Amino acid sequence: MGQVTSLLNPLGWTLPVVPELDDLTVGGLIMGCGVETSSYKYGLFHNIYVSFELVLADGSVVTCSKEDNPDLFYAVPWSHGTLGFLVSAELQIVKASQYVRIHYKPIQGYSSQQLNDFVECLVYSKSTGVIMAGQYTDGCEPDKDIIPFGNNVMFRYLFGWLVPPPVSLLKLTQTNTTKTLYELHHVVQDILVPVNKMIDTLNMLDKQLRLYPIWICPFKLTSQPGLVHPLGDEDEMYVDIILYGNPQVKPFIAKDCIRNIERFARQVHGFQMLYGDMYMSREEFHEMFDHTCYNEMRKKLNCENAFPEIYDKVCNATQHISPLQIKSIRIMCIKAQYTSFTHEKGITKCRLKCSEERITC
Ligand SMILES: Cc1cc2nc3c(=O)[nH]c(=O)nc-3n(C[C@H](O)[C@H](O)[C@H](O)COP(=O)(O)OP(=O)(O)OC[C@H]3O[C@@H](n4cnc5c(N)ncnc54)[C@H](O)[C@@H]3O)c2cc1C
């Protein structure tokens, strides 16, 4: 996204939906999901592309659009690279002004804003939050900088990478211990629910997690075939409810709690973004995501022997026991002199002895 915006912005253009981390890629956002504060107007990232090229399981390249290969065009969003490898995309662009004027509206309940270019909300507790609505503008008010030195060239040069740190850096520095600690004590959840279920969802999240602040981003969910669409035939307004952090509910049992959230999401015809923590069974996953179009494409394009299913690729519940992982552990064990396996609370531990030392993975 960083490269796209630095190309378009000086020309006075932008993508209609710009997910805010510079490291996010067009491929990842089409294959996964992307949302931003303009999504209430334009929809999710998959609503802003016109066509894309995909390398299929047999090595051929196809172009997909609403006119060419429409089934594949609609099956690809959220499919996480399990139908083919995306090599190019044609995206819509829209005019952009140099600045965005933001209005902050403290709230003590639920209200709505319209006719803005951007809308989002931060929720600080069960009863307090702030709605932020932005409109493009050509002038800015210089005395109203929120981070006064944020635009200073020296600050950006020396510390720009800190706000926020690139995801690639975070991934690079993550050890197995931090991964386990994250899994047990930290929550990453993007839950997409119909806007009329927002209050119920916030109440449920308060009970399950008590984790604030919460970011809410309204978006239009378009009625089209594919893994994610509204229940009826009409486009529907949804909200993406995003939580990152340490829950204050005690005791916090990650798996139970996330499973409760997932159950609720399924009941209200909601969805979970697939990069977050997820513990659904395969059946529950199929209940949440409509696999009709996806399965047809997998069969037609002989994906079975080329790409894993989405569930096997993204779901935490399978991550401990996926055949691929067990295979890699076995390979390690053949090289080691001593092995033992234990399987407790969904975690497989392998103990092996290499030379004189014992290593637990
Ligand atoms: C810390 C954090 C913050 C986030 N913040 C936001 C946010 O503000 N707004 C937002 O919308 N989203 C956000 N997300 C979610 C993010 O947009 C999605 O997870 C997105 O799918 C990631 O895109 P990526 O480019 O990093 O792709 P990756 O995570 O690398 O890939 C996503 C999936 O797509 C597959 N894939 C990637 N490229 C291709 C390709 N060319 N062909 C085939 N398959 C491919 C990958 O194998 C993977 O399964 C955030 C995620 C994290 C971890």
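A brief structural summary. None of these values were measured; they are calculated from a predicted model.

## Observations concerning the overall build of the protein
Move 1: The helix and strand inventory of the protein stands at 14 helices and 15 strands.
Move 2: A burial count over the protein gives 28% of its 361 residues as buried.
Move 3: The contacts of the protein with a sequence gap of at least 6 include a subset with a gap of at least 24, amounting to 65%.

## A look at unusual backbone geometry
Move 1: Omega for the bond connecting Tyr212 with Pro213 falls within 30 degrees of zero, at 0°, which places this linkage in the cis form.
Move 2: With respect to the helices, strands and loops of the structure, Pro213 is situated in the loop between helix H8 (198-208) and strand S10 (214-221).
Move 3: Here the bond from Lys250 into Pro251 is cis, since omega is -10°, no more than 30 degrees from zero.
Move 4: For Trp78, which is not glycine, the phi dihedral falls at a positive 75°.
Move 5: Of note, Trp78 is situated in the loop between helix H4 (70-75) and strand S4 (85-91).
Move 6: Taking the number of C-beta atoms within 10 Å as the measure of exposure, Trp78 has 22 and is therefore buried.
Move 7: Positive phi outside glycine occurs at Asn302, with the angle close to 50°.
Move 8: What makes Asn302 exposed here is the crowd of 12 C-beta atoms within 10 Å.

## A closer look at the sheet that holds strand S8 (residues 129-137)
Move 1: Here 7 strands make up an open sheet; going across it, the order is S6-S8-S7-S10-S11-S9-S12 and the pairing antiparallel. The two strands at the open ends of the sheet, each matched to only one other strand, are strand S6 (99-107) and strand S12 (271-272).
Move 2: Of the pairings in the sheet, the one linking strand S7 (residues 118-123) to S10 comprises 3 bridges and is antiparallel in character. The residue bridging Leu122 from the neighbouring strand is Trp215, located in S10.
Move 3: Running over the sheet, helix H9 (residues 254-267) touches strand S9 (187-194) and S12 and is turned about 15° from S9.

## Thoughts on the site of the ligand
Move 1: The full set close to the ligand counts 20 residues, and Gly27, Gly28, Gly32, Gly81 and Tyr275 are the nearest of them.
Move 2: For the shell around the ligand, the secondary structure elements donating two or more residues are helix H2 (26-31) and S4.
Move 3: Here the element with the most residues in the shell around the ligand is H2; it accounts for 4 residues.
Move 4: Tallied by class, the residues present in the shell around the ligand amount to 11 nonpolar, 7 polar and 2 charged.

## Comments concerning H8
Move 1: For H8, every residue scored as buried is listed here: Met198, Thr201, Met204, Leu205 and Gln208. Summarising the axial view, the buried residues of H8 lie within an arc of 125°, below the 170-degree limit, and thus occupy one face. In H8, those exposed residues whose orientation departs by more than 90 degrees from the buried face are Ile199, Asn203 and Lys207.
Move 2: For H8, the elements touching its buried residues are S9, strand S11 (236-245) and H9.
Move 3: Taken from the residues just after H8, Arg210 is the one with a positive phi, measuring 45°.

## Here we look at the environment of Asp277
Move 1: Among the structural elements, Asp277 can be located in the loop between S12 and helix H10 (282-288).
Move 2: On the basis of neighbour count, Asp277 is assigned to the partly exposed category, with 19 C-beta atoms found within 10 Å.
Move 3: Between the C-alpha atoms of Asp277 and Val314, which are 37 residues apart in sequence, the distance is 9.0 Å.

## Describing the pairing of S8
Move 1: When S6 meets S8, the two strands line up antiparallel, connected through 9 bridges. By the bridge assignment for S8, Ile102 is matched with Gly134.
Move 2: Where S7 meets S8, 6 bridges bridge the pair, whose relative direction is antiparallel. Bridging across to S8, Glu120 finds its partner in Met132.
Move 3: Counting the residues between successive antiparallel strands, the hairpin from S7 to S8 contains 5 residues.

Thresholds, definitions, all that
Residues numbered from 1 in each chain as written. Predicted model: local features only at pLDDT ≥ 70, side-chain atom pairs only at ≥ 80, totals over all residues. Helix = DSSP H or I, 4+ residues; strand = E, 2+ residues; numbered from the N terminus. Buried ≥ 20, exposed ≤ 12 C-beta atoms within 10 Å, placed from the backbone. Contact = placed C-beta atoms within 7 Å. Pairing = 2+ DSSP bridges. Axes fitted to C-alpha atoms, helices over the stretch in contact; angles between N-to-C directions. Near = placed C-beta within 6 Å. Nonpolar A, V, L, I, M, F, W, Y, C, P; charged D, E, K, R; others polar. Arc of directions from axis to C-beta.

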